[in-house]
Every structure is written in C-alpha cells, then in structure tokens.
Amino acid sequence: MSEHHLAVSPLVCQAARNLRTVEWLSENDTWRSDWLCRWYFWRTRRVMARTPDEAAAWLPAVAFAVSCEKDPYVLAEFAWWTLPEPLPPKDLPWHDRLIQVWEQYPAATTWEKTIRLAALVRLDRRAERLPEWLVEARRALDLEWYDRPSRLAALAGWRPRPGDAPPHGDKAEAAQAWVRFWEKLYQHPGSQPDGLFAAAALLHLAEAGWLPSGPSPERLREEFRQRVQQVQPWTTSYQEQSVLRMLLASVPADASAPERRRQDIKAWLELTNENVRWEKREAVWEMLAAWQRESVLERCGIDREQLQELSLLPDLARTLECEQEGVVLLAMAGYIPGAVEVSAHPEAARAVVDRWEALSRNDDWRIRQAAWVARWNFLRAGVLTAEEQGRFGADYVDAVKFAPEAIALLTLAQITPPGMFPLATWAGRLSDQGDWCRLAAQLAIHDWLVDVMEGASGEWKGRPAGRPYAQRVAGSDLPLATHQYGQFPELPLLLAITRRQMRQVLRRAGQEAAGNRPVAPFVNLPPEVWPDFRRLREIETALAAGHLPPSPDAAAENRATPRAVPARLPEAQPRTDPPGITGQTTGRTAGSEPPARHLFPEVIRHE
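Residues numbered from 1 in each chain as written. Predicted model: local features only at pLDDT ≥ 70, side-chain atom pairs only at ≥ 80, totals over all residues. Heavy atoms only, no water.

Caption draft 1: Focus on the overall build of the chain. Counting its regular elements, the chain contains 32 helices and zero strands. Going through the 607 residues of the chain one by one, you find that 54% of them count as buried. Long-range contacts, defined as pairs at least 24 residues apart, comprise 73% of the intrachain contacts of the chain with a sequence gap of at least 6. Surface accessibility of the chain: about 27,300 Å² in total, with carbon and sulfur atoms responsible for 52%. (Helix = DSSP H or I, 4+ residues; strand = E, 2+ residues; numbered from the N terminus. Buried < 20%, exposed > 50% of the residue type's maximum accessible area, 1.4 Å probe, protein only. Contact = heavy atoms within 4.5 Å. Areas by Shrake-Rupley, 256 points an atom, 1.4 Å probe, with all protein chains shown as cover.)

Right under this line is the structure:
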C-alpha cells in the first residue's frame, strides 16, 4: 500500500464508502429499473442523521447519482439535499463538482429544467449568477400556468452568501434588476402564489441587507407565513405538490431575538395541526427539522429558561400522538433534538422515544418506515438510554426477520444496529421472492462487508476505524450464516476463512500484545478476491488528490489483468525450511519456482 493511504482523512474514507455504495447499487438490475426504489432510498437517506462532515462526505456520491439519474421525481430529492453551512474549504472541490454535474445534466422537460435550476440556485449563491437567474425569472412569467409556480418557487430560493454585500459597479445593475423584479411581483402579483414567491425572495434579500429601504425582515417573515397559511395546496400533480416543500426548504431560521423566534416557531406550529392539509404539514415539519439541524439553539448562548421556551420537543411529543400520515411522520423523523434540548425537557424526550418505538410496530408500513428513521436518528444523537438501545437492537432483528414490506426493509438496510450485526437474519432474506427485499438484504450485507474490510485495513495501517476488527467479525451471528448465499457470491469466501483465521488471530494477539502491534487478518487483500475493496482504494486515492475518480467501467478497463495464481496473504509469515532440509528433498531443484499455493487453502479443506 502506498504512503498516500496513510494520510487519508476520515472524511475521505467516508466519502469513498458512500460513493462506492452508490456505484454498487447502480450495478443492480432492480435499482436501475425501478425508479420508486431509488426515490424511497434517497428520500429516506435525506432525513437521516448526519453531522456536517458526514453531510459533506455524501457530496461525491450525490454527484454520481445525479449524473446517472433519469427519473425527474428522484432527481427532485437531490435538488433539496441539505448541505452544512458554511461549507468547510476542504469540501469546496466536491461542492463545485456537484454544481458542474447539475450544469451538465441533460434536462429534456420543463419540470427537469426546473429541478436543475432549483438545485443550481441553492448550490451556487454567487451574485455573479444573478444575470442568468434574472433571465430565467422573466421567462418563467411566460410559462404555462401549471409550470409557472414551480419555476418561480425554484428561483425565489436564491440567497446571497453569508457576508456578501450588494454588488457595486458593473455588477450592481443585475442585482438591482433582481430586486426590482421581485418587488414588482410582490406589489402586483398576477396570482395568489406569485405574492408568496415574491415574499420569500424578498425575505432572503432583506436578511442579507440588500433591501435598505424595503420591508423589514420581520415583516416579510410574518407575511410569508400568512401567505403560506392562506394559499391552497396544489394537488393536480407531484410537481405542483412540491412547490411548498421547495419554497420552505429555502427559508432559514429566524436569527433575531429569542422571544421573536419563539413567536415565529409557534405560528408555524399552527400549520401542523390535524385540520391542515398533509402537504402543508409535511413542508412545515421539513422546514422545522432543517432549522434544528442548523443548531440554532446551541449557537444562541441562551440560558436554560429560554431554552425551555424555544425547544420543540414538547410540541413534537404532542403532535406525534395524533399524526397518522406516513409522509408527514417521515418529515418529523428528521427533527433530532440536541443534548441541551433533552436536558431541558427530559420527560418530553422520553415520551417522544416511547412514541417512536410504538409507531415502529404499526401495521402501516409508511408509519413503520418513518419511525425506524426517527429511532435511528435518536440513537445517533445519543438520546437513547442503555435500556432503549437494547430494545432497539432486539426490535431491529425482529423487523428484519418478519418485515413483509420491501420499502421498510430497504430503510432497515441503511441502519446499523447497536451490538451484534444480524448477518444470518439478513442472509435469510436473500431468498425472498421480491426483488426489493433481496436488494435490501444485499445492501445491508455489502455495507457490513465493507465495514469489516475497512476496519481490518484501518487497524493495520493506523487509519481511522470503528470497533476493533475482531469485535466486528465476532459481533455478528457469523456461525449461523453459512448457507444460501447464491446471490452474494463473495460472502461464502469470507465466512469459510473467518472461523479458522479468527482463532489464529486471537492466538497471535496474545503473543504480540507486548509490542502493542494491532492484529488484523485480510490486510492488503489481493485485488482478485475483493473487487469492491480494490475500487474503494481507487476512490480514496482520487478523492484524497482532490478530484473525483473515473467511472467504474473506465477504471476496470485501465486495470491490469489479474494474475491467475495470486500470492499468499501479505500478513502470512514466510515459510522457512527446517534445518537439514533442502530444496531437493521437497522435489524442487535449485532456482526453480515453488509450487503455487491456493490463496485460501482452508476454503478447500473444510472444517
């Protein structure tokens, strides 16, 4: 292994894993042929807990997925992908690459062009793009009535970058024209939605200080919320239903005084009541969850009393008792309370945890799916107690074993349970008749295999790793999983060698403990055995160098043909002849090559 791999950062390792997983999925026939499968996967992934670094580590994978995607509904999920703000400088090359992929996307329909425009407006917030956005805004007024709302909503989401002042000189004309366009639409809307879009666009400009003589941010916030409350949801098509989600996703949290912020949040919570249409409830909860991900409360430096007033945990607990719409619950699952909120409202936190647990056993698969995402998010946030974590692991195994619905199973495949990984349970789902169920099982096992290989590689080379390798392999129901792997051909090889090698490794560990040398099998696995591992190394090398790797097909063409007889394991000790035994006694002459050994002789010699 080159010295370069010793310096690979944890961020690059995670980005490589994410990209390789999406590449692996794109090679699956079910994934490629069924857009609904991809749509549910990305919609679920978008609301799962991510730290800012983890969110940035998904950028290369999202860029690859956008470049491959042909379905406009799946494409829309990428347009609303949340990014950490501000984005660290080390992540800017990946951010720029994602912008480039969207620029090059061959949008054929008006809706696809709107999605591409919405993504670019959110990603590229430079004032230099305003002339282009202004042209698109003027064209939007001439679109058909069913295309106009979504196009204006996409453009209204543009926000100046933090700290960017209004342009001066030659660039000032486009910025002023942009302001005038929305002011005119605000004062003389052609329809009720036009005023809503204009209020949102002017709100972004006012909060950035670009409207010195216009309405105040407080007034625009209140007016925007009132217009959302008054507007009738569009229900004739998916793209019209997406207008509110698109618009509210661009609105950041109120950065004013805590009292005013609480009033704003309370007013928005009124739109989550049962008597409000589900489209609005979903959009509002997605917005509130995004505000929580911005860590507004933690950054405000407010005292405990103010925190008790601002926290949404009690409101979340009350709303969970009556909400029965699966898509709304999935949006609510994205609300992940911070440690300060949990400490301020311990009873509400436990009530929310208990409610999500109960909903994860609901008969409606949509509700179960949302509840499992929420339970995973709370586990990642450190909210669950030891007892609740134990129930999480037991419920997870039962859900994997008995889940009849493929989409719920696909959600479980993206979750890593605490404690033992139920490998045998997942392997049992490989024989399911449903394509989605088999794909979910393959995805879960694939991620576990990569985790095992990365853990072994990390501990040997000093790279970041999670649990020690022996715990990773021993921490699965490995002895039970020794059959029915026809759809996962790599797995029998791992299982066949692991039982004996684990005993060898544990024996060696006692001998080498004095030297504090980490012990792990399968270090530097030959590329002939693990193509996934080899591709993972290629991706890491490219990402660490600051660029995206070549496509899997191009990389495969550039590789040398593998050797017919691989060398023995790199970590194996070299064979030495006992004293007094020469090459002639073993049937070899001086200078001849030793007989080739099978790479894993224990695969042939069964226990």
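Caption draft 2: Fine view of the packing of helix α10 (residues 148–156) against helix α12 (residues 192–207). Axis separation between α10 and α12 bottoms out at 9 Å; the angle between their running directions is 10°. The orientation of α10 with respect to α12, classified from their angle, is roughly parallel. Residues Arg 148, Pro 149, Leu 152, Ala 153 and Ala 156 of α10 touch α12, and the partners they reach there are Asp 194, Phe 197, Ala 200, Ala 201 and His 204. Residues that form the contact of α10 with α12 fall into these classes: seven nonpolar, one polar and two charged. (Axes fitted to C-alpha atoms, helices over the stretch in contact; angles between N-to-C directions. Parallel < 35°, antiparallel > 145°, perpendicular 65-115°, else oblique. Nonpolar A, V, L, I, M, F, W, Y, C, P; charged D, E, K, R; others polar.)

Caption draft 3: Local environment of the environment of Arg 159. Following the sequence through the fold, Arg 159 ends up in the loop between α10 and α11 (172–187). In this view, Arg 159 contacts Glu 85, Arg 125, His 204, Ser 250 and Pro 252; residues no more than four positions away in its chain are not counted.

Caption draft 4: Spatial organisation of the packing of aromatic side chains. Applying the stated criterion to the full structure yields 20 aromatic pairs. Between Trp 42 and Trp 81, the ring centres sit 5.9 Å apart and the planes meet at 75°, which makes this aromatic pair edge-to-face. With Trp 42 in helix α3 (residues 35–47) and Trp 81 in the loop between α6 (72–79) and α7 (92–104), this pair connects stretches of sequence that are 39 residues apart. In terms of burial, Trp 42 and Trp 81 fall into one category: buried. Taking 6.2 Å as the distance between ring centres and 80° as the angle between the ring planes, the aromatic pair formed by Trp 158 and Trp 178 counts as edge-to-face. Residue Trp 158 is located in the loop between α10 and α11, and its partner Trp 178 is located in helix α11; the two are separated by 20 residues in the primary sequence. This pair shows no difference in class: Trp 158 is buried, exactly as Trp 178 is. What links up through ring pairs into an aromatic cluster is the set Trp 31, Phe 41, Trp 42, Trp 58, Phe 78 and Trp 81. Between Arg 50 and the ring centre of Trp 81, over which it is positioned, the NZ or CZ distance is 4.6 Å. Over the ring of Trp 372 we find Arg 375; its NZ or CZ atom is 4.7 Å from the centre of that ring. (Phe/Tyr/Trp six-rings, centres within 6.5 Å; stacked < 30°, edge-to-face > 60°. Lys NZ or Arg CZ within 6 Å of the ring centre and 35° of its normal.)

Caption draft 5: Representation of helix α23 (residues 365–380). Compared with the 22 Å implied by 1.5 Å per residue over 16 residues, the 23 Å span of α23 between its first and last C-alpha is a close match. With 14 of 16 residues buried, α23 lies mostly within the body of the structure. Of the residues that open α23, the one with a side-chain oxygen 2.9 Å from the backbone nitrogen of Arg 366 is Asp 364. Looking one or two places after α23, you find Gly 382, whose phi comes out positive at around 75°. (Expected span 1.5 Å × (residues − 1). Polar contact = N/O pair within 3.5 Å; in protein donor to acceptor, adjacent residues only side chain to side chain.)

Caption draft 6: View of the packing of helix α16 (residues 278–293) against helix α20 (residues 326–333). Across the interface, α16 lies against α20 with an axial gap of 8 Å and an inter-helix angle of 10°. What the angle tells us is that α16 and α20 run roughly parallel. Judged by residue contacts, Trp 278, Arg 281, Glu 282, Trp 285, Glu 286 and Ala 289 of α16 engage Val 327, Val 328, Ala 331 and Met 332 from α20. Among the residues making up the contact of α16 with α20, the classes are represented as seven nonpolar, no polar and three charged.

Just distances and angles here, no functional claims.
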